[in-house]
Amino acid sequence: MYGADHSAPAREITASGLRVATLAEALTGDPGGGAVDGQVPRVVGELRSHARASILPGVISARVPLKQAMARAERVLTRYAEPLSALWLAGDSACERLIDMAWRSVIACSGHDSVTGCGSDETAQQVAARIAEAGQTAQAVVDLVAASLSEAAPKGSLVVVNPSPFERTGLVLADLPEDRASLVDASGRSVPAQRLEHAATLLDETVMDDLSRLLGRVHERELYGHEIVSWHAGDGVFTVTVSRHASGAYAYEDLRRAVVEAGQGPWVVRTVAEPVVTVAALVTVPPLGRAVLTARPPEPRLPAPVANALRTDAYGFEPVLDNGLLRVRVAGDGTLSLRGADGTEVHGVGRIAHGGDAGDTYNYAPPPDDRIADRPSRVVVEEICAGPLTGAYEITRVYDWPASLGGDAGDETDAEIVPTAVTTRVELRAGEPFARCEITMDVRCRDHRVRWHAPLPRAAAGSYAEGQFAVVRRGLAAEGGDGGGDGDGGGERPIPTFPAESFAAAGGLAVLLDHVTEYEIVRDEINGDEISGDGTELALTLVRSVGYLSRNRNPYRDEPAGPEVPTPAAQCQGPLTVRFAVLPYAGEWHEAGLPRLAEEFRHDLLAVPGTGAARAGAGDADGPGGGGWNDSRRPSPVR
C-alpha cells in the first residue's frame, strides 16, 4: 500500500501511469488494482512485517500503566456500563449521556501516538487524564445501575450480577454481620462460603469534655461512614454502636437528649462497629442476569458441596494449592510448579529476568554486553489464606539490580545497585483450572526491561494470541526477518515480540491477560546473532523503562522514529502491579477453552448489598433484564 506514517500519497505518482485505488478495488481485481489474470495474490501472515517498513513494536510495552488504565476503562464501559444499563436502566437519559461522554474520551485516547505511549511526557499526561475520565464516567453508570439494584433488594441481601453471556459460577466478596455470616439462594439452599477476615470493631476513641462535639460528627444517622444502631453512657464512657446497614428505629433527637443528660465530662467516647466478617461466596448466576442472596444466622449443618474445592495438605510441609483441576507448588527459589488434571506438568514458572534497554518508546534495544539478572538474593513465602474456595500465597523475592542500564548510563558494572522486592501473590480458586498471579514491585531502575518467564511443557513451533477480532497464529520469527520475509527489515531489526489482548498460548502453556501485553516465545538455540530451534519458553514484558521518545542512534533501528526528546516519565518509576493467570493444558489451545477462561478471568461478577425495604420472595435469580421493578426505586440522575 502507498502512503505511510505522517505522509499522504503524492499526486505525481499517477504521472507514470499508476493509479491510486482503494484496498477494496485492489482485492476485487479491478483493472490496475493488483490482480493478475483475475487472481488476487495470497499473502500469509497478519500483515505485520518489518520487510518494507518499520512497525515500531516497542510501543506495545512503552508506558505499561497507560495500557492498563485503557484496558480498565474499556472494560468498565463496554462490559459493565453499556450492557447493564441497557438491561436494568433502559431509557435513562443520564446513563445515555454519561456513556456518550465516556466513549468520546476513549476515542480521544485511541489516536496515533496516544495510548501507544510514544509521545512526549506532556502528551502522555493528558492521555492518562482522558483515560481516567473515561473510566470514571463509565463507572458512574455502573454505580447508577448498582444503586438501582441495591434499592430493589432488601437489606441483608446481596445482589450478584453476571456480565457474561453464559451462566457462571464464581467468587464474590461480601461483608456480613458476624451473627448473619451465611448466605442462602432463592430456594433456601446454603451458598458455599469461606471466612477471610474480621473487620476492626473499634473505629474511634476520643476524650471529650463537652459531648456536644460528638453531635457535630453525626449526620442524621451516619457516623464514620456507618449508621448508628444504639448508644450507652456509663462509668465515664459514652459508647456509640454503628453498623454498615443499620435496622430498627432511630431518631437524632433521642441521641441529642442522651448527650445532654450525660452532662459534663471528661467522657471517653468510643465508636464501636458491630462485628463484621468478610466472606468469599461461590455463586451461580444466569447469563447477563442476577442472583439475590439472603444473609442468615449460621446454622449447624454440613457445608454446602463445592465442585473442585481446594484440598487441604494434612501435613503442610510445603506451600501447595490443589483443587483437583490444577496443583500449584511454590519452589524454594520462588517459582511455581504446575500440574494440570490431564497430567501436563511444568516447573520453574515465574522466573523474573531483568535486563537493559538502550532503546526508546518505539523500539526495544539491549545495550552492548547486556547482562540478564534473574536470581533473587532472598525469597520469603507467606500463606495469605486457605480454605475450600480460595487459597493464596505471597512470594517476595529480592533482587539486586543496577540503578541504570544502557543508553547514556555507562558501564553497568559501576552502576549503583538497587535492592528491589518483587512480590507475587498466587491464588487458586475452586473450580478454576488456572492460577491467578498478581506481581507488585516498586520500579526504581532506569533504562531496563523486566520480563516474567515460564518454560513450555512441550516444544512449540508457533503461538496463538487473541487480539481485538480473532485468534492469531504466529511463528517464532517476526515477519520480514529470519525466514519470515525479505531481507533484514525496512531499516528496523525484526524481533519476535508480539501483542496479545486477552490470552497467549504455546506449547501447552497459556497466560490469561487483563491488558494488551507484549509476549515472546523464546527459542532454545543461539549461535552468534542467529536464533533458531523450537520455542521452549514464554516471556511476558512486565515493564520497559526508557528515557527518550526516540533515539537518533537506536541499535535496532536505522533512522529516528521521531524527535530525540527526553521522556523521564516513560521510565515508569514507582509502584507497579501486573495481573494475569497461567495454566498448563494438553492438546490444542481451543480444546482448553481459553476464550471462555479469559472471559471469566477478565470480568468479575459484580456484587451489591441490598438497601431496600424487605419484601416477600426477595431472593431470586433471573436472566437478562429479568426481575424488573418500579421506576420510582431508581436513584436520582447524576447532575
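Scroll up to find the structure this text is about.
Residues numbered from 1 in each chain as written. Predicted model: local features only at pLDDT ≥ 70, side-chain atom pairs only at ≥ 80, totals over all residues. Heavy atoms only, no water.

(A) Examining the overall build of the chain more closely. The helix and strand tally for the chain stands at 7 helices and 31 strands. The 639 residues of the chain split such that 46% are buried. Taking the intrachain contacts of the chain between residues at least 6 apart in sequence as the baseline, contacts between residues at least 24 apart amount to 71%. Of the roughly 30500 Å² that the chain leaves accessible, carbon and sulfur atoms contribute 51%. (Helix = DSSP H or I, 4+ residues; strand = E, 2+ residues; numbered from the N terminus. Buried < 20%, exposed > 50% of the residue type's maximum accessible area, 1.4 Å probe, protein only. Contact = heavy atoms within 4.5 Å. Areas by Shrake-Rupley, 256 points an atom, 1.4 Å probe, with all protein chains shown as cover.)

(B) Representation of the environment of Glu-537 in the model. Of note, Glu-537 is situated in strand E28 (residues 530-545). Residues Glu-537 and Arg-523 lie 14 residues apart in sequence; the distance between their C-alpha atoms is 7.0 Å. Discounting chain neighbours no more than four positions away, the residues touching Glu-537 are Arg-351, His-453, Ala-454, Pro-455, Leu-456, Glu-520, Ile-521 and Val-522.

(C) The arrangement of the packing of helix H2 (residues 64-88) against helix H4 (residues 121-152) in detail. Running from amino to carboxyl end, H2 crosses H4 at an angle of 30°, the nearest separation of the two axes being 8 Å. As summarised for this structure, H2 and H4 are arranged roughly parallel, according to the angle between their axes. Read as a crossing pair, H2 and H4 show a hand that is left-handed. Contacts between H2 and H4 involve Leu-66, Ala-69, Met-70, Ala-73, Val-76, Leu-77, Tyr-80, Ala-81, Leu-84, Ser-85 and Trp-88 on the former and, on the latter, Ala-124, Val-127, Ala-128, Ile-131, Ala-134, Gly-135, Ala-138, Gln-139, Val-141, Val-142, Val-145 and Leu-149. Classifying every residue of the contact of H2 with H4 gives 20 nonpolar, 3 polar and no charged. (Axes fitted to C-alpha atoms, helices over the stretch in contact; angles between N-to-C directions. Parallel < 35°, antiparallel > 145°, perpendicular 65-115°, else oblique. Left-handed = near helix turned anticlockwise from the far one by under 90°. Nonpolar A, V, L, I, M, F, W, Y, C, P; charged D, E, K, R; others polar.)

(D) Region of the structure containing the sheet that holds strand E8 (residues 237-243). The mixed open sheet is built from 5 strands, whose spatial order is E5-E9-E8-E7-E6. In this open sheet, the two strands that pair with only one neighbour each are strand E5 (202-208) and strand E6 (222-223). As defined by bridge partners, E6 adjoins strand E7 (residues 226-234) across 2 bridges and the pair is classed as antiparallel. From the neighbouring strand, Leu-223 faces E7, where its bridge partner is His-226. Most of the contacts of helix H6 (residues 252-262) go to E7, to which it runs at about 25°, and overall it touches E7, E8 and strand E9 (267-273). (Pairing = 2+ DSSP bridges.)

(E) Highlighting H6. Where H6 is concerned, the buried positions are Leu-255, Ala-258, Val-259 and Ala-262. Considered in projection along H6, the buried side chains sweep an arc of 100° and stay on one side of the axis. For H6, exposure combined with an orientation more than 90 degrees from the buried face picks out Val-260 and Glu-261. On the buried face of H6, the contacting elements are helix H5 (212-217), E7, E8 and E9. (Arc of directions from axis to C-beta.)

(F) A look at the packing of helix H3 (residues 93-109) against H4. Between H3 and H4, whose axes approach to 8 Å, the crossing angle comes to 155°. Taken together, the axes of H3 and H4 lie roughly antiparallel to each other. Where H3 crosses over H4, the handedness of that crossing is left-handed. Contact with H3, carried on its side by Cys-95, Leu-98, Ile-99, Met-101, Ala-102, Ser-105, Val-106, Ala-108 and Cys-109, involves Val-127, Arg-130, Ile-131, Glu-133, Ala-134, Thr-137, Ala-138, Ala-140, Val-141 and Leu-144 of H4 and no other residues of that element.

(G) View of the nonpolar core. Judged by nonpolar contacts, the single largest core of 55 residues is most densely connected at Leu-336, Ile-352, Trp-452, Leu-542, Phe-580 and Val-582. The next biggest cluster of nonpolar side chains, apart from the first, holds 34 residues, and it includes Val-76, Leu-77, Leu-98 and Val-106. (Core = buried A, V, L, I, M, F, W, Y, C linked by side-chain atoms within 4.5 Å.)

(H) Local environment of the sheet that holds strand E4 (residues 193-198). Ordered in space as E2-E10-E4, the 3 strands form an open sheet in which the pairing is antiparallel. The two strands at the open ends of the sheet, each matched to only one other strand, are strand E2 (168-177) and E4. In this sheet, neighbouring strand axes are inclined to one another by 25° on average, regardless of whether the strands run parallel or antiparallel. Bridge analysis of E2 against strand E10 (residues 276-285) gives 10 bridges, and the strand direction is antiparallel. Each bridged residue has a counterpart across the sheet, and for Val-172 the counterpart in E10 is Ala-281.

(I) Quick peek at the side chain of Glu-518. Positionally, Glu-518 belongs in strand E27 (residues 517-527). Of the polar contacts made by the side chain of Glu-518, one reaches the side chain of Ser-61; its length is 3.1 Å. One polar contact links Glu-518 to Thr-541, side chain to side chain, over a distance of 2.6 Å. (Polar contact = N/O pair within 3.5 Å; in protein donor to acceptor, adjacent residues only side chain to side chain.)

(J) Looking closely at the environment of Ser-190. Structurally, Ser-190 is set in the loop between strand E3 (182-184) and E4. Along the chain, Ser-190 and Ala-304 lie 114 residues apart, while their C-alpha atoms are 5.9 Å from each other.

(K) View of the environment of Glu-253. For Glu-253, the position within the fold is in helix H6. Of the residues examined, Glu-253 reaches a relative accessible area of 37% and is grouped as partly exposed. Expressed as a C-alpha distance, the spacing of Glu-253 and Glu-220, which sit 33 residues apart in the sequence, is 9.5 Å.

(L) Fine view of the pattern of salt bridges. One pass over the full model with this rule turns up 22 salt bridges. The salt bridge involving Arg-327 is made with Glu-318; its shortest N-O contact spans 3.6 Å. Residues Asp-357 and Arg-544 are paired through a salt bridge, measuring 2.8 Å at the closest nitrogen-oxygen approach. You can see Asp-357 sitting in the loop between strand E16 (351-356) and strand E17 (378-385) and its partner Arg-544 sitting in strand E28, a full 187 residues away along the chain. The network of salt bridges with shared partners includes Arg-351, Asp-374 and Glu-537. (Salt bridge = Lys/Arg side-chain N within 4 Å of Asp/Glu carboxyl O.)

(M) View of the side chain of Arg-557. Considering the arrangement of structural elements, one finds Arg-557 in the loop between E28 and strand E29 (574-584). Look at Arg-557 and you get buried, because its relative accessible area is 5%. A distance of 3.1 Å separates polar atoms of two side chains, one belonging to Arg-557 and the other to Ser-550. Side-chain polar atoms of Arg-557 contact the backbone oxygen of Glu-559, separated by 2.6 Å. In this view, Arg-557 contacts Leu-56, Asp-360, Tyr-362, Asn-363, Gly-491, Glu-492, Ser-550 and Arg-551; residues no more than four positions away in its chain are not counted.

Treat this as a map of the structure, not an account of what it does.
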